[in-house]
Structure formats: C-alpha cells, structure tokens
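Listed below are the residues making up each chain.
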Amino acid sequence: QVQLVESGGGLVQPGGSLRLSCAASGRTFSIDTGSWYRQAPGKERELVAEITNPGGSTNYADSVKGRFTISRDNAKNTVYLQMNSLEPEDTAVYYCNVVGKVLFGRRRDYWGQGTQVTVSS
C-alpha cells in the first residue's frame, strides 16, 4: 500500500521561505510525475507546479513562477516544493499528487493529506 506523507507546512511571514516535502512510503513504488496543488478558502484547487520523469521537465502557475521550485529525489521517492518570497496570497492548503506504480501494480495517482501554509505578519 502506498501512502503520501506531506510535511513542511506552517506559518511564515511575508517574504519568508518554506519547503514542502511529499514522501511515498510504499515499498517498490516509483514516481512518474509529481505535482503540487493548493486550495485557498473559497477558491478552486489549482495546479501550482509539476515535475515529470525521466527528463525532469517542470511547469509552474504564473502566480508562483520565479518564486517556487519543484524538485524530486527518486531514490527517496520524494517530491519537494521550495517556496520563496512567500506572499499572503500563497496561503492555502497544499496537496501533493504523485503518479506512479507499485511493483506488479497498475499506474495510478495518489494524493497527500494536505498541509497548511499560512503567510501572515
């Protein structure tokens, strides 16, 4: 069984930085594509960043381009989101989504439990 465990959320001041982690705990699990989404109160869930395998291509929402960086560590089955120059508008629950496969299993996506990021002075 695969579980995605998110960590790294919290409260930071505007201009601060935070790094979110999303680790897949299942054995024999390999990541294909990793993504980060966020959802603020009263708003639709939006794609923030995405990274693909094997080339590591990335894409970002315009609102975070230049401030956020998505990365991965395949050996650790972990996807990261480095968030710099945080703004109050970044306040949201952040969810990771990973597309991958367990050995002898089928390709599917998995969601993390969500982690709260609050940017406030």
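Up top is the structure.
As the structure is a computational prediction, the values presented were derived from the model and not from experiment. (Residues numbered from 1 in each chain as written. Predicted model: local features only at pLDDT ≥ 70, side-chain atom pairs only at ≥ 80, totals over all residues. Heavy atoms only, no water.)

Where do I start with the overall build of the protein chain in this structure?
Of regular secondary structure, the protein chain possesses zero helices and 11 strands. Ordering the α and β elements of the protein chain from the N terminus gives β-β-β-β-β-β-β-β-β-β-β. A globule of 121 residues ought to have a C-alpha radius of gyration of about 14 Å, and the protein chain, at 14 Å, matches this closely. With the C-alpha coordinates of the protein chain rotated into their principal frame, the extents come out at 50 × 25 × 25 Å. Counting every position in the protein chain, which comprises 121 residues, the buried fraction comes to 41%. For the protein chain, the exposed area adds up to about 6,700 Å²; of that, 46% sits on carbon and sulfur atoms. (Helix = DSSP H or I, 4+ residues; strand = E, 2+ residues; numbered from the N terminus. Rg over C-alpha atoms; globule rule 2.2 N^0.38 Å. Buried < 20%, exposed > 50% of the residue type's maximum accessible area, 1.4 Å probe, protein only. Areas by Shrake-Rupley, 256 points an atom, 1.4 Å probe, with all protein chains shown as cover.)

Would you mind showing me how to read the pairing of strand E11 (residues 115-119) here?
The two faces of a sheet get side chains in turn, since along a regular strand they alternate between them. Only one face of E11 is covered, namely the face carrying Thr 115, Val 117 and Val 119; the face carrying Gln 116 and Thr 118 is uncovered. With three bridges joining them, strand E2 (residues 10-12) and E11 adopt parallel strand pairing. In the sheet register, Leu 11 faces E11, and the bridge partner there is Thr 118. Of the strand pairs in this sheet, strand E9 (residues 92-102) and E11 are connected by three bridges, and their pairing is antiparallel. Bridge pairing in E11 places Tyr 94 opposite Thr 115. (Pairing = 2+ DSSP bridges.)

For this particular structure, what's the right way to read the sheet that holds strand E8 (residues 78-83)?
Sheet strands pair by backbone hydrogen bonding; their relative direction is either parallel or antiparallel. Spatially, E1-E3-E8-E7 is the arrangement adopted by the four strands of the open sheet, whose pairing is antiparallel. The strands lining the two open edges of the sheet, one partner per strand, are strand E1 (4-7) and strand E7 (68-73). Within this sheet the neighbouring strands show an average axis-to-axis angle of 15°, counted without direction. Bridging between strand E3 (residues 18-24) and E8 involves six bridges; their strand directions are antiparallel. (Axes fitted to C-alpha atoms, helices over the stretch in contact; angles between N-to-C directions.)

Any chance you could explain the packing of aromatic side chains here in plain terms?
Geometrically, a pair of aromatic rings is defined through the distance of the ring centres and the angle of the planes. Taken as a whole and judged by the stated rule, the model has two aromatic pairs. With centroids separated by 5.2 Å and ring planes inclined at 90°, the aromatic side chains of Phe 29 and Tyr 110 adopt a geometry described as edge-to-face. Of this pair, Phe 29 sits in strand E4 (residues 29-39) while Tyr 110 sits in strand E10 (residues 108-111); the two residues are 81 residues apart in sequence, bridging distant segments of the chain. Relative accessible area serves as the criterion here: at 4%, Phe 29 is assigned to the buried category. (Phe/Tyr/Trp six-rings, centres within 6.5 Å; stacked < 30°, edge-to-face > 60°.)

Even after reading the chapter, I still don't get the pattern of salt bridges, so can you show me in this structure?
Side-chain pairs of opposite charge can arise whenever the charged atoms involved come near each other. By the definition in use, this model includes five salt bridges. Its salt-bridge partner being Glu 46, residue Arg 38 comes within 2.8 Å of it at the nearest N-O pair. Since its relative accessible area comes to 32%, Glu 46 is described here as partly exposed. Among the salt bridges present, the one from Arg 38 reaches Asp 90, with a minimum N-O distance of 2.9 Å. (Salt bridge = Lys/Arg side-chain N within 4 Å of Asp/Glu carboxyl O.)

I would appreciate a short explanation of the state of the cysteines in the present structure.
A covalent bond bridging the sulfur atoms of two cysteines is what the word disulfide describes. Tallying each qualifying case throughout the model produces one disulfide. Paired by a disulfide, Cys 22 and Cys 96 hold their sulfur atoms 2.0 Å apart. Linking Cys 22 and Cys 96, the disulfide has an S-S dihedral of approximately 55° and is accordingly described as right-handed. With Cys 22 in strand E3 and Cys 96 in strand E9, the pair connects residues that are 74 residues apart, well separated along the chain. (Disulfide = S-S within 2.5 Å.)

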